[in-house]
Amino acid sequence: MIKFENAVRAAVGVVALLVLTPLAAAEPAKKPATTQIVAAPTAKQTIARKRSVADKKLHNLVLQVNTNEPAMMNLALNNATNVVQYYKDLGENVTIDVVTFGPGLHMLRDDTSPVKARLKTIAEKSTSITFDACGNTQENMGKAENKKIPLVAQATVVKSGVVRVMELQEQGWTYVRP
(Lines give C-alpha, C1' and ligand atoms only; values in the text may rest on other atoms or scores of the structure.)
Protein backbone atom coordinates (compact mmCIF):
# COMPACT_ATOMS: atom_id res chain seq x y z
CA MET A 1 0.00 0.00 0.00
CA ILE A 2 2.85 2.38 0.85
CA LYS A 3 4.52 1.67 -2.51
CA PHE A 4 1.25 2.56 -4.27
CA GLU A 5 0.92 5.83 -2.35
CA ASN A 6 4.52 6.74 -3.16
CA ALA A 7 3.93 5.95 -6.83
CA VAL A 8 0.82 8.18 -6.86
CA ARG A 9 2.74 11.04 -5.19
CA ALA A 10 5.55 10.68 -7.70
CA ALA A 11 3.09 10.69 -10.63
CA VAL A 12 1.34 13.81 -9.30
CA GLY A 13 4.74 15.47 -8.86
CA VAL A 14 5.74 14.68 -12.44
CA VAL A 15 2.42 16.01 -13.78
CA ALA A 16 2.80 19.18 -11.73
CA LEU A 17 6.36 19.61 -12.94
CA LEU A 18 5.31 19.18 -16.57
CA VAL A 19 2.47 21.66 -16.17
CA LEU A 20 4.46 24.26 -14.24
CA THR A 21 7.73 24.10 -16.22
CA PRO A 22 6.40 25.90 -19.35
CA LEU A 23 4.81 28.52 -17.13
CA ALA A 24 8.05 29.10 -15.20
CA ALA A 25 10.06 29.34 -18.42
CA ALA A 26 7.69 31.99 -19.80
CA GLU A 27 8.00 34.23 -16.72
CA PRO A 28 10.94 36.60 -16.24
CA ALA A 29 13.51 35.27 -13.77
CA LYS A 30 12.62 36.92 -10.46
CA LYS A 31 13.49 34.26 -7.99
CA PRO A 32 14.28 30.58 -8.18
CA ALA A 33 11.34 28.49 -9.32
CA THR A 34 9.78 26.29 -6.71
CA THR A 35 7.74 23.24 -7.46
CA GLN A 36 4.41 22.96 -5.81
CA ILE A 37 2.48 19.71 -5.90
CA VAL A 38 -1.03 20.39 -7.16
CA ALA A 39 -3.77 17.80 -7.11
CA ALA A 40 -4.91 16.81 -10.56
CA PRO A 41 -8.36 18.15 -11.46
CA THR A 42 -11.26 15.77 -11.23
CA ALA A 43 -12.88 14.51 -14.41
CA LYS A 44 -15.88 16.74 -13.69
CA GLN A 45 -13.65 19.82 -13.36
CA THR A 46 -11.83 18.97 -16.58
CA ILE A 47 -15.09 18.57 -18.49
CA ALA A 48 -16.45 21.81 -17.02
CA ARG A 49 -13.27 23.68 -18.00
CA LYS A 50 -13.38 22.30 -21.55
CA ARG A 51 -17.07 23.23 -21.83
CA SER A 52 -16.50 26.75 -20.61
CA VAL A 53 -13.84 27.34 -23.25
CA ALA A 54 -14.96 25.25 -26.21
CA ASP A 55 -18.74 25.31 -26.09
CA LYS A 56 -19.61 28.98 -25.87
CA LYS A 57 -21.26 28.56 -29.27
CA LEU A 58 -24.95 28.51 -29.92
CA HIS A 59 -26.38 25.00 -30.13
CA ASN A 60 -28.96 24.38 -32.87
CA LEU A 61 -31.45 21.52 -33.07
CA VAL A 62 -34.12 20.76 -35.66
CA LEU A 63 -36.86 18.33 -34.64
CA GLN A 64 -38.96 16.76 -37.39
CA VAL A 65 -42.62 15.84 -36.84
CA ASN A 66 -44.28 14.11 -39.78
CA THR A 67 -46.84 11.82 -38.15
CA ASN A 68 -50.27 12.53 -36.74
CA GLU A 69 -49.56 10.67 -33.51
CA PRO A 70 -50.02 12.55 -30.24
CA ALA A 71 -47.35 10.40 -28.56
CA MET A 72 -44.75 11.45 -31.16
CA MET A 73 -45.80 15.09 -30.91
CA ASN A 74 -45.43 14.98 -27.14
CA LEU A 75 -42.09 13.21 -27.47
CA ALA A 76 -40.83 16.00 -29.76
CA LEU A 77 -42.03 18.61 -27.25
CA ASN A 78 -40.40 16.69 -24.39
CA ASN A 79 -37.13 16.57 -26.35
CA ALA A 80 -37.31 20.30 -27.03
CA THR A 81 -38.02 21.34 -23.45
CA ASN A 82 -35.42 18.93 -22.03
CA VAL A 83 -32.71 20.24 -24.37
CA VAL A 84 -33.56 23.85 -23.48
CA GLN A 85 -33.33 23.03 -19.76
CA TYR A 86 -30.05 21.13 -20.21
CA TYR A 87 -28.30 24.06 -21.86
CA LYS A 88 -29.92 26.58 -19.53
CA ASP A 89 -28.41 24.67 -16.59
CA LEU A 90 -24.98 24.93 -18.27
CA GLY A 91 -25.45 28.65 -18.94
CA GLU A 92 -25.39 28.05 -22.70
CA ASN A 93 -27.78 28.98 -25.49
CA VAL A 94 -29.76 26.70 -27.76
CA THR A 95 -32.17 27.28 -30.62
CA ILE A 96 -34.71 24.61 -31.49
CA ASP A 97 -36.89 24.52 -34.60
CA VAL A 98 -39.73 22.01 -34.62
CA VAL A 99 -40.62 21.44 -38.28
CA THR A 100 -43.93 19.80 -39.18
CA PHE A 101 -45.03 18.45 -42.54
CA GLY A 102 -47.32 15.78 -43.95
CA PRO A 103 -49.61 14.32 -41.29
CA GLY A 104 -47.41 15.99 -38.67
CA LEU A 105 -48.98 19.33 -39.61
CA HIS A 106 -51.88 18.35 -37.31
CA MET A 107 -49.55 19.26 -34.45
CA LEU A 108 -49.83 22.92 -35.51
CA ARG A 109 -53.40 22.92 -36.82
CA ASP A 110 -55.65 25.11 -34.70
CA ASP A 111 -58.63 22.83 -35.31
CA THR A 112 -57.02 19.39 -34.80
CA SER A 113 -53.88 19.76 -32.66
CA PRO A 114 -53.83 17.36 -29.72
CA VAL A 115 -51.02 19.44 -28.15
CA LYS A 116 -52.42 22.93 -28.75
CA ALA A 117 -52.44 23.99 -25.08
CA ARG A 118 -48.93 22.66 -24.56
CA LEU A 119 -47.62 24.60 -27.59
CA LYS A 120 -48.97 27.80 -26.09
CA THR A 121 -47.39 27.09 -22.69
CA ILE A 122 -44.01 26.25 -24.23
CA ALA A 123 -44.03 29.36 -26.42
CA GLU A 124 -44.81 31.52 -23.39
CA LYS A 125 -41.95 30.00 -21.37
CA SER A 126 -39.22 29.82 -24.01
CA THR A 127 -38.23 31.90 -26.99
CA SER A 128 -35.64 29.24 -27.86
CA ILE A 129 -38.24 26.97 -29.47
CA THR A 130 -39.96 27.82 -32.76
CA PHE A 131 -42.56 25.89 -34.73
CA ASP A 132 -42.57 25.69 -38.54
CA ALA A 133 -45.55 24.48 -40.57
CA CYS A 134 -45.12 23.21 -44.11
CA GLY A 135 -46.96 25.50 -46.53
CA ASN A 136 -47.18 22.75 -49.17
CA THR A 137 -48.91 20.43 -46.70
CA GLN A 138 -51.24 23.19 -45.52
CA GLU A 139 -52.21 23.95 -49.12
CA ASN A 140 -52.78 20.28 -50.01
CA MET A 141 -54.83 19.64 -46.85
CA GLY A 142 -56.90 22.72 -47.69
CA LYS A 143 -57.65 21.37 -51.17
CA ALA A 144 -58.53 17.91 -49.81
CA GLU A 145 -60.79 19.34 -47.09
CA ASN A 146 -62.11 22.18 -49.27
CA LYS A 147 -61.32 24.79 -46.59
CA LYS A 148 -58.55 27.03 -45.32
CA ILE A 149 -56.42 25.16 -42.78
CA PRO A 150 -56.06 27.27 -39.61
CA LEU A 151 -52.78 27.14 -37.69
CA VAL A 152 -52.01 27.91 -34.06
CA ALA A 153 -50.61 31.34 -33.31
CA GLN A 154 -47.18 29.87 -32.51
CA ALA A 155 -46.74 28.47 -36.04
CA THR A 156 -44.69 30.05 -38.79
CA VAL A 157 -45.43 28.89 -42.33
CA VAL A 158 -42.45 27.84 -44.45
CA LYS A 159 -42.80 26.94 -48.14
CA SER A 160 -41.62 23.36 -47.63
CA GLY A 161 -41.03 21.55 -44.36
CA VAL A 162 -38.62 19.07 -45.93
CA VAL A 163 -36.61 21.86 -47.54
CA ARG A 164 -36.52 23.68 -44.19
CA VAL A 165 -35.04 20.61 -42.50
CA MET A 166 -32.49 20.21 -45.31
CA GLU A 167 -31.41 23.83 -45.19
CA LEU A 168 -30.98 23.80 -41.41
CA GLN A 169 -28.87 20.65 -41.65
CA GLU A 170 -26.76 22.27 -44.37
CA GLN A 171 -26.15 25.14 -41.91
CA GLY A 172 -24.86 22.66 -39.33
CA TRP A 173 -27.98 22.14 -37.24
CA THR A 174 -28.37 18.81 -35.45
CA TYR A 175 -31.29 16.78 -36.79
CA VAL A 176 -33.50 14.56 -34.63
CA ARG A 177 -36.64 12.70 -35.56
CA PRO A 178 -38.33 11.55 -32.34
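The paragraphs below set out a description of the structure included in this document. All values reported here derive from a predicted model rather than from experimental measurement. (Residues numbered from 1 in each chain as written. Predicted model: local features only at pLDDT ≥ 70, side-chain atom pairs only at ≥ 80, totals over all residues. Heavy atoms only, no water.)

## Focus on the overall build of the chain
A tally of regular secondary structure across the chain gives 6 helices and 5 strands. The order of helices and strands in the chain, counted from the N terminus, is α-α-β-α-β-α-β-α-β-α-β. Buried residues in the chain amount to 30% of all 178 residues. Taking the contacts inside the chain whose residues are at least 6 apart along the sequence as the reference set, 76% of them involve residues at least 24 apart. (Helix = DSSP H or I, 4+ residues; strand = E, 2+ residues; numbered from the N terminus. Buried < 20%, exposed > 50% of the residue type's maximum accessible area, 1.4 Å probe, protein only. Contact = heavy atoms within 4.5 Å.)

## Considering the pairing of strand S4 (residues 155-158)
Bridge analysis of strand S3 (residues 129-134) against S4 gives 4 bridges, and the strand direction is parallel. Note on S4: the bridge partner recorded for cysteine 134 is valine 158. Read from S3 through helix H5 (residues 135-145) to S4, the crossover connection turns out right-handed. (Pairing = 2+ DSSP bridges. Right-handed = clockwise from strand over helix to strand, strands pointing away.)

## Here's the deal with helix H6 (residues 161-170)
Restricting attention to buried positions, one finds in H6 the residues Gly161, Val165 and Leu168. Here the buried residues of H6 occupy an arc of 65° about the axis, which is enough to place them on one side. Looking at the buried positions of H6, the neighbouring elements they touch are strand S1 (59-65), strand S2 (94-100), S3, S4 and strand S5 (174-176). Downstream of H6 by one or two residues, glycine 172 has phi in the positive range, about 95°. (Arc of directions from axis to C-beta.)

## Quick look at the sheet that holds S5
Spatially, 5 strands are ordered S4-S3-S2-S1-S5 in an open sheet, and the strand pairing comes out parallel. The outermost strands of the open sheet, each flanked by one partner alone, are S4 and S5. Averaged over neighbouring strand pairs, the angle between their axes works out to 30° when direction is ignored. Sheet topology note: the S1/S2 ladder contains 7 bridges and is parallel. The residue bridging leucine 63 from the neighbouring strand is valine 98, located in S2. Set on the sheet, helix H3 (residues 70-90) makes contact with S1, S2 and S3; between it and S1 the angle comes to about 170°. (Axes fitted to C-alpha atoms, helices over the stretch in contact; angles between N-to-C directions.)

## Describing the pattern of salt bridges
Taken as a whole, this structure holds 8 salt bridges when the rule is applied. Put simply, arginine 109 and glutamate 145 hold a salt bridge, and the shortest N to O gap is 2.8 Å. Of this pair, arginine 109 sits in the loop between S2 and helix H4 (116-125) while glutamate 145 is found in helix H5, placing the two residues 36 residues apart along the sequence. With a relative accessible area of 34%, glutamate 145 lands in the partly exposed category. (Salt bridge = Lys/Arg side-chain N within 4 Å of Asp/Glu carboxyl O.)

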